[in-house]
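# Report on the structure
Spelled out, the chains give:
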Amino acid sequence: MSTVNALLAAAPMTGGGEMSTGESVAFWILGPVALAGGLGMVFARNAVHSALWLVMTMLSLGVLYMVQQAPFLGFTQIIVYTGAIMMLFVFVLMMVGRDASDSVVEVLRGQRLAAAVLGVGLGGLAVAAVAETLSAVGPVGLGPSYGPEARGNVQALGTSIFRDYLLPFELTSALLITAAVGAMVYTFAGQARRKQASQRERVVERLRGPLAGYGSRSGPGVFATADSVATPALLPDGSVAPASLSKIIEATRRERLDADIADVQSDSGPAGEVDARALRGGDDSDVGAGSTHDRLSEGDSEGAR
Amino acid sequence: MNPVPPPGYTQSLIADDPFWLTLIKVLVIFVLLMLITLFMIWFERRVVGRMQQRPGPNWNGPFGLLQSLADGLKLAFKEDIRPVLADKAVFFIAPVLSVVPAFVAWSVIPLGPEVSIFGEQTALQLTDLPVGVLVVLACSSIGVYGIVLAGWASGSPYPLLGSLRSAAQVISYELALGLSIIAVVLYAGSLSTADIVAAQSTGWYVWLLPVSFMIFAVSMVGETNRAPFDLPEAESELVGGFHTEYSSLKFALFFLAEYVNMVTLSAVATTLFLGGWMAPWPLSLIPGVNEGWWPLLWFFGKTLAFLFVYVWLRGTLPRQRYDQFMRLGWKLLIPVSLVWLMLVATLRVLRTELTTGQILVVGGIALVILVGAALLIPDQAPPEEDKEPPVITDYPVPPLDLAVPETPKRRRRAVAGKRDDQQATETVGAGTSGEGDR
């Protein structure tokens, strides 16, 4: 692989090392654009803007590769890096939310100084390496007449990867696959595989499960002043029907209604003549959302059904 | 038929085009795509209208042909609204990013063979790169940025959901698309579109690689966000999807991009699988039919057939649920195309190393082993019978095993006075069901 990279990196030296006019025009346009993209990526406050600047750099690099007679590398750069990898980045960044910006507060002490020193060092190394390459290494086998069948760069690249360096190439891909599968295994480790309920199971659950006790089910001809699930039903003796109390909804705790019930009972005298409508439930705004009648009928006709 | 040009011939033919010729080609392709878009909008509305038993637009111009022009003008003069929460720069860039790649992809589509334009020998194709097919893939992967950024920059939840869907959708379906192209490239031995067309002069790849063609056809619908895979702009779920907040010319650009993408992928499918500009079979027997300007007719005819299928799908199929759509992509299309690719590659190697007889013998032995292995698999248990769901409601609904009671004797006799006996027994059922029909 390294040979292939070196081969492609040396591409501008085609034809005796002279740059054509078109090539230099392209370079002087795309170079600054790529550089601006890099700077923009570093200095943009918004994460998605950073990603977009990086996309611009990658696109300019891709076009530069194409200009330097490496069209395959150029388009692969665009498809793989811009199309797939950066798209995944943007995908994740969008999930974070569009207002998530970088914090300006420095967390690590002396981090900027260290970063500056190391950055300058890295830059020096890169410049030295490139300078060395330009002066000492001669370009080999570029141009359309290169390759075993003399059919150009793409074919030569294919031959290199799939014939001369097949084993390293396959090993690399095996490594990548292993990494991807490993990441997925880690993601799902510890989560037992839940069986997804079918549509029918979900309907039965809704109608028969813990939610079955309430809902707007007042039939035709029912007169009800409170339809709220927060209003419990009264049994004929004036006590609250236990079946009408929800285990899930917090607003209907039994204790909160004690005063209410006592109030009703004291108002209407004998227990037999309790007016169910006098019970106000937790909140007046809930009145009219469900059927009290339902709760009442459920209490007394449970056995009959 | 004209002799097949050698690989790379078109490339050298186009390479010495003068500048003015390239400019003319660029202009013609641009104008052509704009016109095709206008035509497609009209075509889609007419065809869907016909499928739904109504005339469709028929008021402006002959057959309503100028309807889309009128709509486009109206769209351009509408107010351009930008939401307060929108990210200004990205909101502006997004529509441009989605339109430009759609047009660029057309630069590598071969529209026809060698012709002479103003005395200059050239091919009906803007440029022929040795990696032509990759240009199409690269353009579609850049085009997604337009949709994704549009949703993000709108600063509104529905567009964001639409763009998230779109990102996941295009990444998934681009894999299947790329894998189906690989088989074609394996057989053509070149990534150049002109060479792929030339390689099909002996037979179209749709016959040689039917599985690849089917996978390509399905994933190109997913790639263009068209019904039944139009989840990024599902009207019933996301208002308008990624372009909910867009209006005026910016919206028009998205509209344009969608239609140009459709035309582009149809043209690519034509190039890769239907022999590009070559005439279909009975016509291809006529000499001279694949020369000069005639191939343009065959090319656009085939492309239009694909576009018709797009419209047909939209008029026929309901939108898929998102999880079904993802399952189709990842669990069906990609595995199938991987297996198919292995088969094709194996066959290619065998073809170069063995004779046809040897291949048949080896294939026959493999088939026998496969059938034998299939016999060893135990029979599947018969599926449990689907029982009626239990009645779980308090409403007075009729029992599920309801039998219509017989008509009482006295009434039957009275009815029989007017009609015959058999009709009378049916009146009970007919009385209720007939009500709904009316």
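In this text the structure is predicted, and so the values were computed from the model without any measurement.

## Quick look at the overall build of chain B
- Scanning chain B from terminus to terminus reveals 17 helices and 2 strands.
- A total of 438 residues make up chain B; the buried ones form 45% of that total.
- Element-wise, carbon and sulfur atoms account for 68% of the exposed surface of chain B, whose accessible area totals about 23,700 Å².

## Here we look at the overall build of chain A
- Broken down by element type, chain A carries 10 helices and 0 strands.
- Ordered by position in the sequence, the α and β elements of chain A form the string α-α-α-α-α-α-α-α-α-α.
- Going through the 305 residues of chain A one by one, you find that 26% of them count as buried.
- By sequence separation, contacts in chain A at least 24 residues apart represent 59% of the contacts at least 6 residues apart.
- Accessible area of chain A: about 19,800 Å², with a carbon and sulfur share of 65%.

## A few points about the interface of chain B and chain A
- Across the boundary between the two partners, chain B contributes 34 residues, which contact 31 residues of chain A.
- At the surface where chain B touches chain A, the tally comes to 0 salt bridges.
- Of all elements in the fold, only α5 (132–153) and α6 (157–188) of chain B reach the threshold of two or more residues within the side of chain B that touches chain A.
- Counting residues per element, the side of chain B that touches chain A draws most heavily on α5(B), at 12 residues.

## Details of the UniProt feature "transmembrane region" (unreviewed entry) in chain A
Residues and elements named next belong to chain A.
- Look at the UniProt record and you will see "transmembrane region" (unreviewed entry) annotated at residues 25–44, 51–68, 74–93, 113–131 and 171–189.
- Span residues 113–131 is 100% helix and 0% strand, its end C-alpha atoms 27 Å apart.
- Helix makes up 95% of residues 171–189 and strand makes up 0%, while its end C-alpha atoms are separated by 26 Å.

## Let's talk about the side chain of Ser140(B)
Residue and element names in this part refer to chain B.
- Position of Ser140 relative to the elements: it lies in helix α5.
- Since its relative accessible area comes to 19%, Ser140 is described here as buried.
- With sequence-adjacent residues up to four places away left out, Ser140 is seen in contact with Glu174 and Glu223.

## Brief notes about the pairing of strand β2 (residues 120–124) of chain B
- Inspection of the sheet shows strand β1 (residues 112–117) of chain B paired to β2(B) by 5 bridges, in the antiparallel sense. What sits directly across from Glu114(B), in β2(B), is Ala123(B).

## Looking at the confidence of the model for chain B
- The predicted model of chain B averages 81 in pLDDT, with 87% of residues at 70 or higher.
- Low confidence marks residues 424–438 of chain B, where pLDDT is under 50. Its contacts with residues over four positions away, or in another chain, come to 6 contacts.

## Description of empty space enclosed by the protein
Residues and elements named next belong to chain B.
- Within this structure, the stated rule accounts for 2 cavities of 30 Å³ or more.
- A volume near 40 Å³ is recorded for the second largest cavity.
- Forming the walls of the second largest cavity are Ile109, Val133, Val136, Thr193, Val268, Thr271 and Leu272.
- Those elements that provide at least two residues to the lining of the second largest cavity are α5 and α11 (248–273).
- It is α11 that contributes the most residues to the lining of the second largest cavity, 3 residues altogether.
- Classifying every residue of the lining of the second largest cavity gives 5 nonpolar, 2 polar and no charged.

## Some points on the confidence of the model for chain A
- Summing up the model confidence of chain A, the mean pLDDT is 71 and the portion of residues at 70 or higher is 55%.
- With pLDDT under 50 throughout, residues 1–16 of chain A is counted as low confidence; its partners more than four residues away or in other chains account for 22 contacts.

## Thoughts on the pattern of salt bridges
Residues and elements named next belong to chain B.
- All chains considered together, the criterion is met by 7 salt bridges over all chains.
- For Arg226, the salt bridge identified is with Glu44, shortest N-O distance 2.5 Å. Highlighted residues: Arg226 in the loop between α9 (210–223) and α10 (235–238) and Glu44 in helix α2 (residues 19–51), separated in sequence by 182 residues.
- By relative accessible area, which is 3% here, Arg226 ends up buried.
- In this structure Glu44 comes out as buried when scored by relative accessible area, which is 1%.
- A salt bridge links Glu258 to Arg226; its shortest N-O distance comes to 3.2 Å. One end of the pair, Glu258, is in helix α11; the other, Arg226, is in the loop between α9 and α10, and 32 residues separate them in sequence.
- One network of salt bridges, in which partners are shared, links Glu44, Arg226, Glu258 and Arg314.

## Quick word on the packing of aromatic side chains
All names here are of chain B.
- Applying the stated criterion across every chain yields a total of 22 aromatic pairs over all chains.
- Geometrically, the ring pair formed by Phe39 and Phe43 is stacked, given 5.5 Å between the ring centres and 20 degrees between the ring planes. You can see Phe39 and its partner Phe43 sitting in helix α2, 4 residues apart, about one turn around the helix.
- Among the residues examined, Phe39 registers a relative accessible area of 30% and is labelled partly exposed.
- Judged by centre distance (4.6 Å) and plane angle (5 degrees), the ring pair of Tyr173 and Phe325 falls under stacked. Placement of Tyr173 in helix α6 and of Phe325 in helix α14 (residues 322–353) is noted, with a sequence separation of 152 residues between them. Taken as a pair, Tyr173 and Phe325 share a single burial class, namely buried.
- Chaining the aromatic ring pairs together yields one cluster made of Phe39, Trp42, Phe43, Phe308 and Trp312.

## Let's talk about helix α13 (residues 294–316) of chain B
All names here are of chain B.
- For α13, spanning 23 residues, the distance from its first C-alpha to its last is 33 Å, which sits close to the expected 33 Å at 1.5 Å a residue.
- Listed as buried for α13 are Pro295, Trp298, Phe299, Lys302, Thr303, Phe306, Leu307, Tyr310 and Val311.
- Packing partners of the buried residues in α13 comprise α2, β1, α9, α11 and α12 (281–284).

## Quick look at helix α3 (residues 67–76) of chain B
- Those residues of α3(B) that fall on the buried side of the exposure criterion are Gln67(B), Ser68(B) and Leu75(B). Buried residues in α3(B), looked at end-on, bunch into an arc of 90 degrees, giving them a common side.

## Notes on the nonpolar core
- Membership of the largest hydrophobic core comes to 84 residues, with the highest contact counts inside it found for Met40(B), Trp106(B), Phe216(B), Met220(B), Leu272(B) and Phe273(B).
- If one sorts the elements of this core by residue count, α11(B) sits on top with 12 residues.
- With near-sequence residues (within four places) excluded, Met40(B) lies in contact with Tyr259(B), Met262(B), Val263(B), Leu307(B) and Val311(B).
- Formed by 30 residues, the second largest nonpolar core is a distinct cluster that contains Val55(A), Ala86(B), Ala150(B) and Ala167(B).

## Some words on a nonpolar patch on the surface
- A contiguous nonpolar patch, built from Phe39(B), Phe63(B), Leu65(B), Leu66(B), Leu69(B), Leu73(B), Phe77(B) and Leu304(B) and spanning about 800 Å² of accessible area, is present on the exposed surface.
- As for its position among the elements, Leu73(B) is in helix α3.

Criteria and thresholds
- Residues numbered from 1 in each chain as written.
- Chains lettered and ligands numbered in written order.
- Predicted model: local features only at pLDDT ≥ 70, side-chain atom pairs only at ≥ 80, totals over all residues.
- Heavy atoms only, no water.
- Helix = DSSP H or I, 4+ residues; strand = E, 2+ residues; numbered from the N terminus.
- Buried < 20%, exposed > 50% of the residue type's maximum accessible area, 1.4 Å probe, protein only.
- Areas by Shrake-Rupley, 256 points an atom, 1.4 Å probe, with all protein chains shown as cover.
- Contact = heavy atoms within 4.5 Å.
- Salt bridge = Lys/Arg side-chain N within 4 Å of Asp/Glu carboxyl O.
- UniProt positions renumbered as here; feature names shortened; annotations may be inferred.
- Pairing = 2+ DSSP bridges.
- pLDDT = per-residue confidence, 0-100.
- 1 Å grid on protein atoms, 1.4 Å probe; cavity = no way out; pocket = protein on both sides within 12 Å on 5 of 7 lines; lining within 4 Å.
- Points joined across faces, edges and corners; volume = space filled by probe spheres on them.
- Nonpolar A, V, L, I, M, F, W, Y, C, P; charged D, E, K, R; others polar.
- Phe/Tyr/Trp six-rings, centres within 6.5 Å; stacked < 30°, edge-to-face > 60°.
- Expected span 1.5 Å × (residues − 1).
- Arc of directions from axis to C-beta.
- Core = buried A, V, L, I, M, F, W, Y, C linked by side-chain atoms within 4.5 Å.
- Patch = residues over 30% accessible without salt bridge, like charges linked within 9 Å, V, L, I, M, F, W, Y side chains within 5 Å.

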